[in-house]
Amino acid sequence: MALGLSSTTLWAQDALQTAIQLDRSYEQRSTGRFLPPEEGLRTGPVTYAVTLGYGLEFNDNIFYRRHNRESDWIHTPQATVRATWQATKDSVLSVGTGVGYRKYMDHSDLDRFYVTPDTALFYDLPVRDWVITLYEQASYSTDVLSQGALSGQAEFPRFENTVGFRALWLPDQYVVGFGYAHYNFVSDGDRFEYLDRASEQAFVRLGYRWAELSQFGIEVSGALTQFSSELRGDNRNLSLGPYVIWQITEATDLTLRGGTTYYEFDADAFTPRDRSLNSWYLSLDARNRLTDHLVHSLSVQRLVQQGVNRGIGYFSDFIETLNAQYRATWAFHEQGTAGLDLFYEHSSEPRGGVDEVYDRYGIGLSTRWQFTRHFFASVAYRFTWKDSETDTFDYRMNLASLRLDYRF
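For clarity, every value in this text was computed on a predicted model and none was experimentally measured. (Residues numbered from 1 in each chain as written. Predicted model: local features only at pLDDT ≥ 70, side-chain atom pairs only at ≥ 80, totals over all residues. Heavy atoms only, no water.)

Caption draft 1: Quick look at the overall build of the chain. From N to C terminus, the chain includes one helix and 21 strands. In terms of C-alpha radius of gyration, the chain reaches 22 Å, essentially the compact-globule figure of 22 Å for 408 residues. Structurally, the chain occupies a C-alpha span of about 55 × 50 × 35 Å along its principal axes. Sorting the 408 residues of the chain into buried and exposed places 45% on the buried side. Of all intrachain contacts in the chain linking residues separated by at least 6 positions in sequence, the fraction that spans at least 24 positions is 54%. Carbon and sulfur atoms form 59% of the exposed surface of the chain, whose accessible area is close to 20000 Å². Within the chain, one finds 38 positive and 52 negative side-chain charges whose respective centroids are separated by 3 Å. (Helix = DSSP H or I, 4+ residues; strand = E, 2+ residues; numbered from the N terminus. Rg over C-alpha atoms; globule rule 2.2 N^0.38 Å. Buried < 20%, exposed > 50% of the residue type's maximum accessible area, 1.4 Å probe, protein only. Contact = heavy atoms within 4.5 Å. Areas by Shrake-Rupley, 256 points an atom, 1.4 Å probe, with all protein chains shown as cover. Lys, Arg positive; Asp, Glu negative; His and termini not counted. Charge placed at Lys NZ, Arg CZ, Asp CG, Glu CD.)

Caption draft 2: Region of interest: the packing of aromatic side chains. Per the counting criterion, the structure on display carries 21 aromatic pairs. Between the aromatic rings of Phe-58 and Trp-73, the centroid separation amounts to 4.9 Å while the plane-to-plane angle is 50 degrees, which identifies the pairing as tilted. In this pair, Phe-58 sits in strand 2 (residues 46-59) while Trp-73 sits in strand 3 (residues 72-88), placing the two residues 15 residues apart along the sequence. Trp-73 gets classed as partly exposed once you look at its relative accessible area, which sits at 43%. (Phe/Tyr/Trp six-rings, centres within 6.5 Å; stacked < 30°, edge-to-face > 60°.)

Caption draft 3: Region of the structure containing the nonpolar core. Core analysis: the biggest nonpolar cluster contains 18 residues, and Tyr-64, Leu-150, Phe-156, Phe-192, Leu-195, Val-308 and Met-397 have the highest contact counts within it. Breaking this core down by element, the ones donating at least two residues are strand 8 (174-187) and strand 21 (395-407). It is strand 21 that contributes the most residues to this core, three residues altogether. Excluding its chain neighbours within four sequence positions, the residues that come into contact with Met-397 are Asn-59, Asp-60, Asn-61, Tyr-64, Leu-145, Arg-382, Phe-383 and Thr-384. (Core = buried A, V, L, I, M, F, W, Y, C linked by side-chain atoms within 4.5 Å.)

Caption draft 4: Inspection of the environment of Phe-383 at higher detail. As for its placement among the helices and strands, Phe-383 is situated in strand 20 (residues 375-388). Considering only alpha carbons, one finds Phe-383 and Ala-400, 17 residues apart in sequence, at a separation of 8.8 Å. Contact partners of Phe-383, with chain neighbours within four places excluded, come to Tyr-361, Gly-362, Ile-363, Arg-396, Met-397 and Asn-398.

Caption draft 5: Examining the pattern of salt bridges more closely. Per the stated rule, a full pass over the model turns up 25 salt bridges. The partner of Glu-219 in a salt bridge is Arg-257, and the shortest N-O contact between them spans 2.6 Å. Taken together, the positions of Glu-219 in strand 10 (residues 214-227) and Arg-257 in strand 12 (residues 252-265) put the pair 38 residues apart, joining distant regions of the chain. With respect to burial, Glu-219 and Arg-257 carry one shared label: buried. Its salt-bridge partner being Arg-236, residue Asp-266 comes within 2.7 Å of it at the nearest N-O pair. Placement of Asp-266 in the loop between strand 12 and strand 13 (275-289) and of Arg-236 in strand 11 (residues 235-249) is noted, with a sequence separation of 30 residues between them. Taking the relative accessible area as the measure of exposure, Arg-236 reaches 27% and is therefore partly exposed. Linked by salt bridges that have partners in common, Glu-57, Arg-102, Arg-112, Glu-155 and Asp-188 make up one network. (Salt bridge = Lys/Arg side-chain N within 4 Å of Asp/Glu carboxyl O.)

See the structure below:
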């Protein structure tokens, strides 16, 4: 169930991405796409999902580096519990957690127990033409692959939490929306503690609806980010631009937005002067259901996100990224689905006065088969190639995985 905010996108122009993810989660709630009752245990209005699983991965480059590549087999047993409560027709609470262990066959120093919170609270309160949403989302991840600027790291452990509200006013054909969110990033361990921060985010949207599911308008968003480390300089950003949401047909929809974005960075321990960035953003998302069994989508984004690297004499302030992703999902059988994922990324990250410019290419294939109502398995493969102007940061990685799950 994808009710929450994506941890891989909140870094990019934080306030705007939070608002976009809220739009998607509200769409899911308003159409009733919660945890299907047949997939869990039910007690009155509460649906439970208790899952025992085992994963096996083979990664031929666990440290994401060009030279001295090291491979390993990784065993991941895990137990997850999630309860979903649709308290009223306008609200949903999902509380869950996972407990597991990552066992590396050849690199035991990377072994770890982990706890993954998977909690989302969304409460929609309709008042005449208004819908007021209160929400909170918590997540934990060690994923490196989603952060293209990282190389030479086996894990990127972090906890993220977002709490806030949104008010949406729909008088006749007009749309007025505004919201506020508080975001926290907390690294797990000392290696990335320089990224620990809190961010205050706000956005305003004014639009006009020419159809029930189609609108255009203008949106403004901004964020104030304060780092926990006294060595880091805080920053502020503001984005402004038009948007269009168009339900072209019952099976096809398109979202397009773009505009200008401005960042201010305070002096830090290595750069004793303030800095600024004038840039731009663009986002295109197109989804189409070709048949009852085949759905595909195309996403193209150009955005600015918080920097992730540090080195001798510098902290990275920002990353400018252009990426494109194509996804297709095919329900080839009532018990089986297959997926295809293609992506390209072009990014630039200033590192102590020298920009690291890199391209990443990737392909992912996956299939999932549900043997019984409670037992299912999935197999996946992903290839990723990072080609940087700084050869040290290049890598190629093949990742194959098998996962078995039993849901009570």
